[in-house]
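# Inside the fold
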Amino acid sequence: MTDRYAVIGNPIAHSKSPEIHMEFARQTDQSLTYERLLAPLDGFVETVEAFRAAGGRGLNVTVPFKEEAFRYATRLTARAEASGAVNTLRFDEQGVLGDNTDGMGLVRDLRANHGIMLYGTRMLLLGAGGAARGVIGSLVGEQPERLVIANRTLSKAQDIADSFGQAIEVMAYDALVTERFDIIINATSASLTAEVPPLPENVYAGARVAYDMVYGAEITPFMARAAQAGCPICLDGLGMLVEQAGESFYLWRNVRPATGPVLALLRASLHA
Ligand code: NDP
């Protein structure tokens with residue numbers, strides 16, 4: 001029987017994961033299928049159980065189920081444990097392994113695809129939702145000189161900082177006016193509603209890199225604002241999407257796909 005995989009979420013129709021994983025499978029000669037699985041908002045566990053009963057081997061998990069997937073897993077990787085959210089499930093003889101590949105995806109995109117050094121930099125992470133939580137452990141692992149989280153709802157940023165117990169600073173947006181950062185990472189969903197986080201103009205202007213986790217055919221509002229302020233390198237999150245998928249594929253199949261060609265294909269398809 002062909003091994004079955006899927007991405008589960010609500011909504012899910014927009015997901016590019018099936019294209020990415022089928023391309024990985026073609027490239028590495030793996031026999032598998034990969035589909036989109038729409039779960040009712042109150043039916044995550046039932047949908048996963050039905051998929052497993054039908055022979056499912058693994059799932060990618062997206063909004064809004066990453067915390068539920070964390071609770072569903074019977075074992076967790078260290079990075080999933082640290083982030084409190086799971087974006088990859090593997091069903092095996094020992095039960096359900098939960099992993100979080102978002103942070104690795106972001107770091108690999110910045111470092112390997114864009115040649116951006118993270119060690120010793122001053123980093124600003126915007127947002128304190130699941131995406132921010134998922135990447136913060138990997139960012140800390142890169143040993144920045146400084147890592148600050150800013151969020152509209154400050155208590156959520158403080159919760160993340162507290163649960164990591166590391167030297168992560170939390171600041172309100174307006175308090176950043178006197179600060180300077182090398183890299184700004186936008187982990188808010190603001191770009192999805194054509195908004196930009198309320199970051200003082202000079203913070204954009206002083207940065208070397210502005211990275212938006214959101215992506216699309218056009219540059220995102222956050223990238224546009226940063227570029228307008230004079231930030232020289234403005235990047236979107238398409239590479240992160242492909243890199244986190246590559247890491248999930250490796251967890252499931254023990255084969256590492258070449259992500260570069262898949263990223264190029266996906267970028268071209270956005271413009272088609
Ligand atoms: P959540 O809904 O969990 O969190 C959203 C965050 O955005 C909150 O911190 C919220 O602030 C903040 N926010 C929303 N609107 C605004 C605004 N107008 N101004 C300032 N802050 C705002 O979402 P996720 O964390 O799961 O995802 C965030 C984004 O990251 C999504 O757009 C998602 O598509 C993207 N993503 C991309 C990935 C990739 O591979 N490229 C992987 C994972 C996520 P508050 O807490 O104050 O409400």
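For the structure, see preceding data.
Let us look at the structure shown here. (Residues numbered from 1 in each chain as written. Predicted model: local features only at pLDDT ≥ 70, side-chain atom pairs only at ≥ 80, totals over all residues. Heavy atoms only, no water.)

### Here's the deal with the overall build of the chain
Rule in force here: Helix and strand definitions here come from DSSP, where helices need a minimum of 4 consecutive H or I residues and strands a minimum of 2 consecutive E residues; each element is numbered from the N-terminal end. Note that the radius of gyration is over C-alpha atoms, with the globule rule given as 2.2 Å times the number of residues to the power 0.38. Only heavy atoms matter for contacts: two residues are in contact if any of them lie within 4.5 Å across the pair. Throughout, the Shrake-Rupley method with a 1.4 Å probe supplies accessible areas, and for residues the shown protein chains are the sole cover considered. When charges are tallied, Lys and Arg are placed among the positive residues and Asp and Glu among the negative ones, while His and the ends of the chain are skipped. Charge positions are represented by NZ for Lys, CZ for Arg, CG for Asp and CD for Glu.
Broken down by element type, the chain carries 11 helices and 12 strands. Relative to the globule expectation of 19 Å for 272 residues, the C-alpha radius of gyration of the chain, 18 Å, shows essentially globular dimensions. Summarising its shape, the C-alpha atoms of the chain cover approximately 60 × 40 × 30 Å along the three principal directions. Taking all contacts inside the chain whose residues are at least 6 apart in sequence as the whole, residues at least 24 apart take part in 64%. With the model as given, the accessible surface of the chain reaches about 11800 Å², and the carbon-plus-sulfur share is 52%. Looking at the chain, you have 24 positive and 31 negative side-chain charges, and the mean spots of the two groups are 3 Å apart.

### Some points on the side chain of Ser15
With respect to the helices, strands and loops of the structure, Ser15 is situated in the loop between strand S1 (3–9) and helix H1 (17–28). Discounting residues that sit within four places of it in the chain, Ser15 has contacts with Val7 and Arg36.

### Overview of the site of the ligand
Here is the rule: Put simply, a residue is near a molecule or strand once any heavy atom of it comes within 4 Å of that molecule or strand. Polar contacts, as counted here, are pairs of nitrogen or oxygen atoms within 3.5 Å of one another; within protein the pair requires one atom able to donate a hydrogen and one able to accept it, and residues that are adjacent in sequence qualify only if both atoms are side-chain atoms. Lys, Arg, Asp and Glu make up the charged group, whereas Ala, Val, Leu, Ile, Met, Phe, Trp, Tyr, Cys and Pro make up the nonpolar group; the residues left over, Gly among them, are polar. Boundaries between domains were set according to an automatic or database domain assignment.
By nearness alone, 25 residues border the ligand, and Ala131, Asn151, Arg152, Thr153 and Lys156 come closest of all. Here a nitrogen atom of the ligand and a side-chain polar atom of Glu195 are 3.3 Å apart. Protein contacts shield 80% of the accessible area of the ligand, which totals 940 Å² for the unbound molecule. Within the residue set of the shell around the ligand, elements represented by two or more residues are helix H6 (130–141) and helix H10 (238–253). Class assignment for the residues of the shell around the ligand results in 12 nonpolar, 8 polar and 5 charged. Both domains that furnish three or more residues to the shell around the ligand are identified here as domain 1 (3–100 + 239–270) and domain 2 (104–236).

### Description of the nonpolar core
The line we're drawing: For the purposes of this section, nonpolar cores are sets of buried Ala, Val, Leu, Ile, Met, Phe, Trp, Tyr and Cys residues that join through side-chain atoms within 4.5 Å. Throughout this description, buried means an accessible area under 20% of the type-specific maximum (1.4 Å probe, protein chains only), exposed means over 50%, and partly exposed covers the range between.
Grouped together as the largest cluster of nonpolar side chains are 27 residues, with contacts concentrated most on Leu106, Leu110, Leu125, Leu139 and Ile185. Secondary-structure elements contributing two or more residues to this core are helix H5 (102–113), strand S7 (122–126), H6, strand S8 (146–150), helix H7 (154–164), strand S10 (183–186) and strand S11 (209–212). Setting aside residues no more than four positions away along its own chain, Leu106 makes contact with Val135, Leu139, Ile185, Tyr211, Met213 and Met240.

### A closer look at the packing of aromatic side chains
Definition in use: To pair, rings of Phe, Tyr and Trp, with the six-membered ring standing in for Trp, must have centres within 6.5 Å; the planes then decide the type, stacked if under 30 degrees apart, edge-to-face if over 60, and tilted in the middle.
For the coordinates displayed, the defined rule picks out 6 aromatic pairs. Taking the centre distance of 5.5 Å and the plane angle of 70° together, the rings of Phe24 and Phe249 count as edge-to-face. Residue Phe24 is found in helix H1, and its partner Phe249 is found in helix H10; the two are separated by 225 residues along the sequence. Overall, the relative accessible area of 0% leaves Phe24 in the buried class.

### Observations concerning the pattern of salt bridges
Note the threshold: What makes a salt bridge here is a side-chain nitrogen of Lys or Arg within 4 Å of a carboxyl oxygen of Asp or Glu, nothing more.
Summed over the entire model, instances satisfying the criterion amount to 18 salt bridges. Ionic pairing is found between Asp3 and Arg57, a salt bridge with its closest N-O pair at 3.0 Å. Residue Asp3 is found in strand S1, and its partner Arg57 is found in strand S3 (residues 56–61); the two are separated by 54 residues along the sequence. Accessibility expressed as a relative area gives 17% for Asp3, which makes it buried. Exposure remark for Arg57: the relative accessible area of 33% places this residue in the partly exposed category. Asp92 is the salt-bridge partner of Arg75, the closest N and O atoms lying 3.2 Å from each other. One end of the pair, Arg75, is in strand S4 (residues 75–76); the other, Asp92, is in strand S5 (residues 88–92), with 17 residues separating them in the sequence. On the basis of relative accessibility, which here comes to 18%, the residue Asp92 falls in the buried class.

### Remarks on the side chain of Asp212
With respect to the secondary-structure elements, Asp212 resides in strand S11. Despite its burial, Asp212 pairs with no opposite charge, the nearest such side chain being Arg267 at 11 Å. There is a polar contact of 3.2 Å between the side chain of Asp212 and the backbone nitrogen of Val214. If near-sequence neighbours (up to four positions away) are discounted, Asp212 is found in contact with Asn186, Ser191, Thr220, Phe222, Met223, Leu235, Asp236 and Gly237.

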